[in-house]
Structure formats: C-alpha cells, structure tokens
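Topology and contacts: notes
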Amino acid sequence: MKTSYETIFENNKAWVQRKRDSDPEFFNRLAREQHPEYLFIGCSDSRVPANDITGLEPGNLFVHRNIANMVQGSDVNVQSVIEYAAAHLDIKHIVICGHYGCGGIKAAMQPKDFGLLNPWLSTIRDVYRLHREELESILDETGRYNRLVELNVQEQCINVCKSGAVQANYFTKGYPDVHGWVYELNSGLLVDLQLDMPGIMKRLTKIYKVVP
Ligand code: CO
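**Concerning the pairing of strand 4 (residues 177-183)**
Burial analysis of strand 4 places five of its seven residues in the buried class, which makes it a mostly covered element. With three bridges connecting them, strand 4 and strand 5 (residues 190-192) associate as antiparallel partners. Note that in strand 5 the partner of Trp-181 across the bridge is Asp-192. Hairpin connection from strand 4 to strand 5: six residues lie between these consecutive antiparallel strands, with Gly-188 at a positive phi of about 80°.

In structure tokens form, the structure reads like this:
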C-alpha cells in the first residue's frame, strides 16, 4: 500500500502533466520571473490554502503565513516579506486574511500559559485590550470570538501600513491597497471586511508616518 508521503510525489507528477498539457510554456515562463500583484498574509491553518481559495495560479500570489496572520513589528520574517513585496515586487494589493474558527485567536482569548507561544499570543491579546469595550459588549461567546478574528485582521492591516516600504509606495504611487478579509471555514467563502484603509491611513499618518 502506498503511503501518503509517496502519494505526494505522484500527485506532483500528475499536476506537472496537467499544467504542461494546458500550457506548454507554463514552467518556462514561471522559471524566468514572478510578477505577483498580490501579497497574501494568512493563517498557517491547513484549511486556509491561499491559492485554492483565491483561484490564483502560481506566479500571481506572494504568500506569507503564520499563526493568526500576524504582522508584528519585531518579526523580521514578515517584515522582510512586506519589504520585498513593496520595494522589489512593486505589489499592488496587500491582503490580510484571517479566518473564523482560528485556533490562535481562540488560544489568545484564554488567560492561560501556552509556553513558547505566549509572546506571540500576547500581541493578539493586545488587540483584545484595544477593543475590549466592544468585545465585552458582545455577550455571545462565539460572536465575541468571531469579532476578535475581524478586529485582529483590521489591526494587522494597520500594522502593514506602518511599514516604511509600504508608505514609500503609497504616498508616491497611490498603492498598495490594503485589504482585510475573513475566510469562512463553514462555507468556503471569503468575506471582504470593507475596511476604509485610505481613511485609516490618513488618521494614523500623524503617529506612524516614517517616510518624508
Ligand atoms: Co488560524
């Protein structure tokens, strides 16, 4: 019997064949360069596969994923991804994609010890503290949990706007647009939170603007 590990390589060969059949130049073209228009920052959750849910082909989506789709100022990994996407790939859209049912958000809602995860969860707890009044006015626990997922997406969109590379493009070229999305595990549908990022950017300029 084949193991799931062996199956992966068979899947890969079949995928290569399908791609070549429909577009003989597919791999040659991608091997030369990438011009993605989108940077997708999502959760590491195995149920939120970036290319599948957006229907975007390889080459069209620059992807970063971590627990609870966080953009922390001290995280060299995500900051490098954003810097490269803005300054070198000239990306047009940056998406923060959270999802309902996120384990990272759920863990952060409990005042418990999660070991090495504590500093990571702490920044999600900061989002809770910032929006405590609104969150605690929601009596239904699931409703509160879902709302924290949304507010966390909103705060990470703001964190993206703190990047100097993002600001440099935004104030000279008018992009990237920053979008907050939430993915519904139950339906498979993406919800656009319709955040007014230009308005938010304008209000925060006085505090966070780091470019001349
Ligand atoms: Co998650």
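**Brief notes about the layout of surface pockets**
The computed volume of the largest pocket comes to approximately 330 Å³. Put simply, the parts of the chain that give the lining of the largest pocket at least two residues each are helix 6 (118-130) and helix 8 (141-161). Along the lines of polarity and charge, the residues of the lining of the largest pocket split into six nonpolar, seven polar and three charged. Here the second largest pocket is characterised by a volume of approximately 160 Å³.

**Remarks on the pattern of salt bridges**
All told, the structure shown has nine salt bridges when counted by the stated rule. The shortest N-O distance in the salt bridge between Lys-92 and Asp-90 comes to 3.6 Å. Given a relative accessible area of 23%, Asp-90 falls into the partly exposed group. Taken together, the shared-partner salt bridges connect Asp-90, Lys-92 and Lys-173 into one network.

**Looking at empty space enclosed by the protein**
Summed over all chains, the structure comprises two cavities of 30 Å³ or more. Around the largest cavity, the lining residues are Ile-158, Cys-161, Lys-162, Gln-167, Phe-171, Ile-200, Met-201, Leu-204, Thr-205, Tyr-208 and Lys-209. Mapped by element, the contributors of at least two residues to the lining of the largest cavity are helix 8, helix 9 (164-173) and helix 10 (197-208). Broken down by element, the residue count for the lining of the largest cavity peaks at five residues, all from helix 10. Here the lining of the largest cavity is composed, by residue class, of seven nonpolar, two polar and two charged. What the second largest cavity holds in volume is close to 30 Å³.

**Brief notes about the packing of aromatic side chains**
Inspection of every chain in the model, using the stated rule, returns six aromatic pairs. Note on Phe-26 and Phe-27: the rings are 5.0 Å apart at their centroids and 90° apart in plane angle, and the pair reads as edge-to-face. With relative accessibility at 6%, the residue Phe-26 sits in the buried group. Judged by relative accessible area, which is 26%, Phe-27 ranks as partly exposed. Measuring from ring centre to ring centre gives 5.4 Å for Tyr-170 and Phe-171, while their planes differ by 85°; the resulting arrangement is edge-to-face. Connected via pairs of aromatic rings, a cluster forms that spans Trp-15, Phe-26 and Phe-27. Over the ring of Phe-26 we find Lys-19, and its NZ or CZ is 5.1 Å from the ring centre. Taking the ring centre of Phe-171 as reference, the NZ or CZ of Lys-209 above it sits at 4.6 Å.

**Notes on the domain arrangement of the protein**
One can read the domain layout of the protein as domain 1 (1-32) and domain 2 (34-208). Just the C-alpha atoms count here: the centres of domain 1 and domain 2 sit 31 Å apart.

Reading the values: rules and limits
Residues numbered from 1 in each chain as written. Predicted model: local features only at pLDDT ≥ 70, side-chain atom pairs only at ≥ 80, totals over all residues. Heavy atoms only, no water. Buried < 20%, exposed > 50% of the residue type's maximum accessible area, 1.4 Å probe, protein only. Helix = DSSP H or I, 4+ residues; strand = E, 2+ residues; numbered from the N terminus. Pairing = 2+ DSSP bridges. 1 Å grid on protein atoms, 1.4 Å probe; cavity = no way out; pocket = protein on both sides within 12 Å on 5 of 7 lines; lining within 4 Å. Points joined across faces, edges and corners; volume = space filled by probe spheres on them. Nonpolar A, V, L, I, M, F, W, Y, C, P; charged D, E, K, R; others polar. Salt bridge = Lys/Arg side-chain N within 4 Å of Asp/Glu carboxyl O. Phe/Tyr/Trp six-rings, centres within 6.5 Å; stacked < 30°, edge-to-face > 60°. Lys NZ or Arg CZ within 6 Å of the ring centre and 35° of its normal. Domains from an automatic or database assignment.

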